[in-house]
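Below, each chain spelled out in residue letters.
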Amino acid sequence: MSYAQPLERVAIDLGDRSYDILIGEQLLDAPSTWAHLPKAAAALIVTNGTVGPIYAERLRAAIAPRYPAVHTVVLPDGENHKDWQTLNLIFDTLLGHGADRKTVLFALGGGVVGDMTGFAAACYMRGVPFVQVATTLLAQVDSSVGGKTAINHPIGKNMIGAFYQPQRVVCDLDTLQTLPQREMSAGLAEVIKYGPIADMPFLDWLDDHLDALMARDPKALAHAVKRSCEIKAWVVSQDEREGGLRAILNFGHTFGHAIEAGLGFGEWLHGEAVGCGMVMASHLSQRLGLVDEAFVSRFTALIERAGLPVVGPKLGAEEYLHHMRVDKKAEAGEIKFVLIDKPGTAIVRGAPDALVAQVIDDCCEK
Ligand code: NAD
Ligand code: GLY
């Protein structure tokens, strides 16, 4: 059997924490995908009850030549399980197998599995290596890259976590073929995000290739994943721990997190909330005189074409503002928004509550 080489390799340049993102087809089974990873007596595949039955055995077989013992833990699926109780299942499994401090964790799944596995890897015996095997579009273009790991707290999303970089990120585009369409749309939100904050020609390309992406055309997917990872790599390499620039990657997330928290985690998908949140942030940018109406209309139309909601849920302005005040970007209670300065560049700044409330009224269900 012959295996494809990665179509693309994007480097994250972080000194001694540098690593590669491999992007291509047939990567899961190819021995070269797993070459040069840290050696250890054991590996632990962390997956969930949806992804595990489809891909865990293939991953186990592919990494078995490197690791004398390969264990698997299957977590319950869903954002509402991104919590301490579920995280503990990973520690229970590691300790139950007497796993030592060289054990390599493999996150096989989307952003929920990836964020939890990364956090477990950061904590177990004060840090063990881990690899992101990203199986959703959202994970391939965003969550698996850059070392943000976390679980949710009932009061706020991703509130408990650590910056902890993986050894490698593997984006096998074939795995996207089994993804439900709603999850494809959610991933497209994070792809589209990169246009207005960093690369308007990429937004033009997305306008032209959205139908191909929705139909999961491998060439279109390869370009979208690669360009997204390049932009994320460029940002993270300059500002790993979000002292400034990295915050632009949270475009749409301030409104989006309020939607997720307000409705209860898991009601809307994270990417759906981000998609709608970006529309709301664009409106706020327009009200502040930063972009014109034509940009907001064009951007909203693209979000809608991607199958994402463009009208926010009716939570009321007070509830939105309440949730936005516990956003990690908030400083001394002041909500910070990622806004489009001019198309292709983003800024982080506050806005008067009254103006934000108007945007919420305009953009949400009546
Ligand atoms: P997810 O991990 O919940 O996956 C979505 C659904 O698709 C799940 O039901 C999952 O089991 C299923 N699935 C995954 N791969 C599949 C496949 N190949 N075939 C069929 N089904 C598959 O959601 P997500 O959208 O991947 O990630 C969202 C999470 O990522 C959120 O918790 C968010 O906070 C986090 N996130 C983190 C970062 C970061 O920088 N760390 C960035 C963005 C988002
Ligand atoms: N998804 C935002 C970040 O990685 O910073």
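What you are looking at is a predicted structure, and each value in this text was computed from that prediction instead of being measured.

Thresholds applied
Residues numbered from 1 in each chain as written. Chains lettered and ligands numbered in written order. Predicted model: local features only at pLDDT ≥ 70, side-chain atom pairs only at ≥ 80, totals over all residues. Heavy atoms only, no water. Axes fitted to C-alpha atoms, helices over the stretch in contact; angles between N-to-C directions. Helix = DSSP H or I, 4+ residues; strand = E, 2+ residues; numbered from the N terminus. Parallel < 35°, antiparallel > 145°, perpendicular 65-115°, else oblique. Left-handed = near helix turned anticlockwise from the far one by under 90°. Contact = heavy atoms within 4.5 Å. Buried < 20%, exposed > 50% of the residue type's maximum accessible area, 1.4 Å probe, protein only. Polar contact = N/O pair within 3.5 Å; in protein donor to acceptor, adjacent residues only side chain to side chain. Patch = residues over 30% accessible without salt bridge, like charges linked within 9 Å, V, L, I, M, F, W, Y side chains within 5 Å. Areas by Shrake-Rupley, 256 points an atom, 1.4 Å probe, with all protein chains shown as cover. Salt bridge = Lys/Arg side-chain N within 4 Å of Asp/Glu carboxyl O. Phe/Tyr/Trp six-rings, centres within 6.5 Å; stacked < 30°, edge-to-face > 60°. Core = buried A, V, L, I, M, F, W, Y, C linked by side-chain atoms within 4.5 Å.

Enquirer: Account for the packing of helix α5 (residues 181-198) against helix α6 (residues 200-214), with residues named and values stated.
Expert: It is the contact of α5 with α6, at a shortest axis distance of 8 Å, that shows an interaxial angle of 165 degrees. Looking at the two axes, α5 sits roughly antiparallel to α6. Regarding α5 and α6, the two cross each other, and that crossing is right-handed. Between α5, through Q181, M184, S185, L188, V191, I192, Y194, G195, P196 and A198, and α6, the contact on the second element is made entirely by M200, F202, L203, L206, L210, L213 and M214.

Enquirer: An account of the environment of E79 is needed here, citing residue identities and associated values.
Expert: With respect to the helices, strands and loops of the structure, E79 is situated in the loop between β4 (69-75) and α2 (84-96). For E79, a relative accessible area of 14% corresponds to the buried category. When the C-alpha atoms of E79 and D327 are compared, they prove to be 18 Å apart, with 248 residues separating the residues in sequence. Among all residues touching E79, those that are not within four sequence positions of it are V112, N152, K157, E260, F265 and G266. A polar side-chain atom of E79 sits 2.7 Å from a polar atom in the side chain of N152.

Enquirer: Lay out a nonpolar patch on the surface in plain terms, naming residues and giving numbers.
Expert: There is a patch of nonpolar side chains on the surface, built from I155, M159 and V326 and spanning about 240 Å² of accessible area. One can find M159 in strand β8 (residues 156-163).

Enquirer: Can you tell me about the packing of aromatic side chains, naming the residues and giving the values?
Expert: This structure, assessed with the given rule, holds 8 aromatic pairs. Taken together, a centroid distance of 5.9 Å and an interplanar angle of 15 degrees make the contact between F202 and W205 stacked. Pair noted here: F202 and W205 are both in helix α6, with a separation of 3 residues, about one helical turn. Neither residue differs from the other here; F202 and W205 are each classed as buried. Their ring planes at 40 degrees and their centres at 6.0 Å tell us that F251 and F299 sit as a pair that is tilted.

Enquirer: Describe in detail the nonpolar core, supporting the description with residues and values.
Expert: Nonpolar side chains tend toward joint burial in soluble globular proteins. If you look at the biggest cluster of nonpolar residues, it comprises 81 residues, and the most contacted ones within it are L137, F255, M280 and M324. No other element matches the 10 residues that helix α7 (residues 218-238) contributes to this core. Sequence-distant contacts of F255, that is, excluding residues within four places in its chain, are made with G277, M280, A281, L284, Y320, M324, F337, V356, V359 and I360. Counting residues in hydrophobic clusters, the runner-up holds 22 residues, among them L27, A43, L59 and I63.

Distances and angles like these do not, on their own, reveal function.
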